[in-house]
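Residue-level structural notes
As a plain string of letters, each chain reads:
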Amino acid sequence: MKKFQLSLFLFFATFTIYSQQYNIYGTITGFKDGTEIKLFNRDSGLKPQITIIEKNQFKFVNPSVNSPVQLYLSIKFDNKFNSFSFLTDNNDVTIIGSKNDFPNNFIVTGSKSNNLKIKYFEFVKPLQSQYDSLNNLIGQKKLDTIKYSKIHLNSERKKRDVIEKKLNTFKINYILNNSNSYYSIIEIFYNRQNIKKNKIKKIYNNLDEKLKNSKFGINLKTYLDIKKVLKEGDYLEDFKAKDSSNVSHYLSEFKGKYILLDFIQTNCQYCVESNAELKIIFDKYKDSLQIITFSGDSDEQIWRDGLKEHEINWVSLWNGEDTNGKIFQKYGSFGTPNFFLIDPNGKIIKIINGYGEGELTELVSKILIKDKI
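Conventions we followed
Residues numbered from 1 in each chain as written. Predicted model: local features only at pLDDT ≥ 70, side-chain atom pairs only at ≥ 80, totals over all residues. Heavy atoms only, no water. Salt bridge = Lys/Arg side-chain N within 4 Å of Asp/Glu carboxyl O. Buried < 20%, exposed > 50% of the residue type's maximum accessible area, 1.4 Å probe, protein only. Helix = DSSP H or I, 4+ residues; strand = E, 2+ residues; numbered from the N terminus. Pairing = 2+ DSSP bridges. Phe/Tyr/Trp six-rings, centres within 6.5 Å; stacked < 30°, edge-to-face > 60°. Lys NZ or Arg CZ within 6 Å of the ring centre and 35° of its normal. Axes fitted to C-alpha atoms, helices over the stretch in contact; angles between N-to-C directions. Contact = heavy atoms within 4.5 Å. Parallel < 35°, antiparallel > 145°, perpendicular 65-115°, else oblique. Left-handed = near helix turned anticlockwise from the far one by under 90°. Nonpolar A, V, L, I, M, F, W, Y, C, P; charged D, E, K, R; others polar.

1. Describing the pattern of salt bridges
Across all of its chains, the model carries eight salt bridges by this definition. A single salt-bridge network, built from bridges that share partners, covers Lys228, Lys231 and Asp234.

What follows is the structure, encoded as structure tokens:
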């Protein structure tokens with residue numbers, strides 16, 4: 001009987017641990033009741049959680065499970081989405097702030113992983129305030145094209161760029177001096193282009209095992225293992241992934257035609273916006289151009305649902321990697337979407353980061369018309 005009671009106790013104790021749900025509680029002023037607020041993890045590719053503000057309060061489920069997660073709170077106001085980022089541990093977290101506290105001045109409690117980030121922003125607060133004020137001013141002046149000329153805006157942008165350069169220098173020095181933390185390895189990964197690789201390798205080797213085995217520890221190891229990031233003039237790096245019919249393909253199979261390789265996430269706003277133009281390009285040039293989308297969705301069902309929702313009728317490939325995986329990093333794909341125009345021999349002739357309406361059409365028509373002459 002005692003053995004049975006002990007087993008029963010262990011079962012319920014284990015069940016309680018694994019069924020524990022933690023939340024993110026928020027208090028935010030300056031918004032009307034019913035204002036929509038989103039919580040998302042830009043690295044996961046998962047759909048954001050969405051709720052509304054009621055009596056200055058909101059609540060989300062904390063998605064952190066095994067390791068800290070960097071999350072973003074986003075609200076649309078002043079004709080743009082304004083976001084605030086923070087790190088959350090696997091417990092209850094509280095956020096307090098106001099409309100004026102975007103993007104860096106919210107108070108976060110309950111997350112030890114976020115403490116180092118808080119200390120950093122306290123350190124750079126005067127400089128960050130100058131940057132935020134200039135950034136907001138530029139945004140406002142862009143809307144008034146009659147009163148403010150491009151020359152005037154460029155002057156403001158130059159001032160902002162000087163401050164941004166100082167901020168980046170401060171940040172890199174700060175994270176390098178506090179490298180054995182989750183916040184720092186996230187920032188080292190995102191700023192890896194500005195830090196010498198041998199310095200990153202030294203930092204990685206000195207990390208404790210828990211950090212090495214964390215999501216961004218693995219991302220750093222992937223980066224260190226890549227000898228060369230592809231650029232224009234290089235030849236494609238072959239990889240294997242499956243299509244929506246579960247048929248596996250190598251990228252090299254499509255050589256012989258021009259290839260427009262598109263790195264995306266299903267829930268990326270600009271990726272969705274690019275689909276209409278890609279459909280036109282596909283229909284017009286399908287005899288000489290193969291569009292191939294490579295998805296950075298870590299969840300297969302999100303990828304499949306996206307194909308149906310957006311009616312993708314060209315080749316879309318998936319292999320379970322997210323946007324920080326080996327293939328994305330090898331192609332130097334920072335963010336989404338990213339487009340690589342590859343000639344029939346497999347040579348990368350043009351890379352476009354991000355999406356601007358008409359840019360792809362102009363590039364493809366120019367190259368393909370030139371090829372026919």
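2. Focus on the pairing of strand 4 (residues 57–61)
Burial of the side chains of strand 4 is restricted to one face: Phe58 and Phe60 are buried, whereas none of Gln57, Lys59 and Val61 on the reverse face is. Of the pairings in the sheet, the one linking strand 1 (residues 23–29) to strand 4 comprises five bridges and is antiparallel in character. Note on strand 4: the bridge partner recorded for Tyr25 is Lys59.

3. Quick word on the packing of aromatic side chains
Summed over all chains, the structure comprises 24 aromatic pairs. Between the aromatic rings of Phe31 and Phe77, the centroid separation amounts to 5.5 Å while the plane-to-plane angle is 65 degrees, which identifies the pairing as edge-to-face. With Phe31 in the loop between strand 1 and strand 2 (36–40) and Phe77 in strand 5 (residues 69–77), this pair connects stretches of sequence that are 46 residues apart. For Phe77, a relative accessible area of 11% corresponds to the buried category. Measuring from centroid to centroid gives 5.8 Å for Trp303 and Trp318, while their planes differ by 15 degrees, and the two rings are stacked. Here the residue Trp303 occupies a position in helix 9 (residues 300–309), and Trp318 occupies one in the loop between strand 13 (315–317) and helix 10 (326–330), the gap between them amounting to 15 residues. As far as the burial class goes, Trp303 and Trp318 line up, both buried. Three or more aromatic residues joined by ring pairs make a cluster, and in this case those are Phe31, Phe77, Phe84, Phe86, Phe102 and Phe106. Against the face of Phe189 rests Arg192, its NZ or CZ located 3.9 Å from the ring centre.

4. Notes on the sheet that holds strand 11 (residues 258–264)
The strand order across the open sheet formed by five strands is 13-12-11-14-15, and the pairing between neighbours is mixed. Looking at strand neighbours, the two that pair on one side only are strand 13 and strand 15 (348–353), the edges of this open sheet. Neighbour-to-neighbour, the strand axes of this sheet turn through a mean angle of 20 degrees, independent of strand direction. Strand direction decides the pairing type here: strand 14 (residues 338–342) and strand 15, joined by five bridges, are antiparallel. The residue of strand 15 that forms the bridge with Asn338 is Asn353. Its contacts with the sheet place helix 8 (residues 269–285) against strand 11, strand 12 (289–295) and strand 14, and it is angled at close to 155 degrees to strand 12.

5. A short note on the sheet that holds strand 5
One open sheet accounts for four strands, arranged 3-2-5-6; its pairing is antiparallel. Every other strand in the sheet has two partners, leaving strand 3 (49–52) and strand 6 (80–88) as the edge strands with one partner each. For this sheet, the mean angle separating the axes of adjacent strands, direction not counted, is 25 degrees. Direction of pairing for strand 2 relative to strand 3: antiparallel, over a ladder of four bridges. Residue pairing across strands places Lys38 opposite Ile50, the latter belonging to strand 3.

6. Here we look at the packing of helix 5 (residues 197–205) against helix 7 (residues 215–225)
The angle between the axes and the distance between the axes are what describe a pair of packed helices. Where helix 5 contacts helix 7, the two axes come as close as 11 Å, and the packing angle between them is 140 degrees. When the axes of helix 5 and helix 7 are compared, the pair comes out oblique. Note on packing geometry: the crossing formed by helix 5 with helix 7 is left-handed. Of the residues in helix 7, those touching helix 5 at Lys197, Ile200, Lys201 and Tyr204 are Gly217, Leu220, Lys221, Tyr223 and Leu224. Here the residues of the contact of helix 5 with helix 7 sort into five nonpolar, one polar and three charged.

Purely geometric numbers; function is a separate question.
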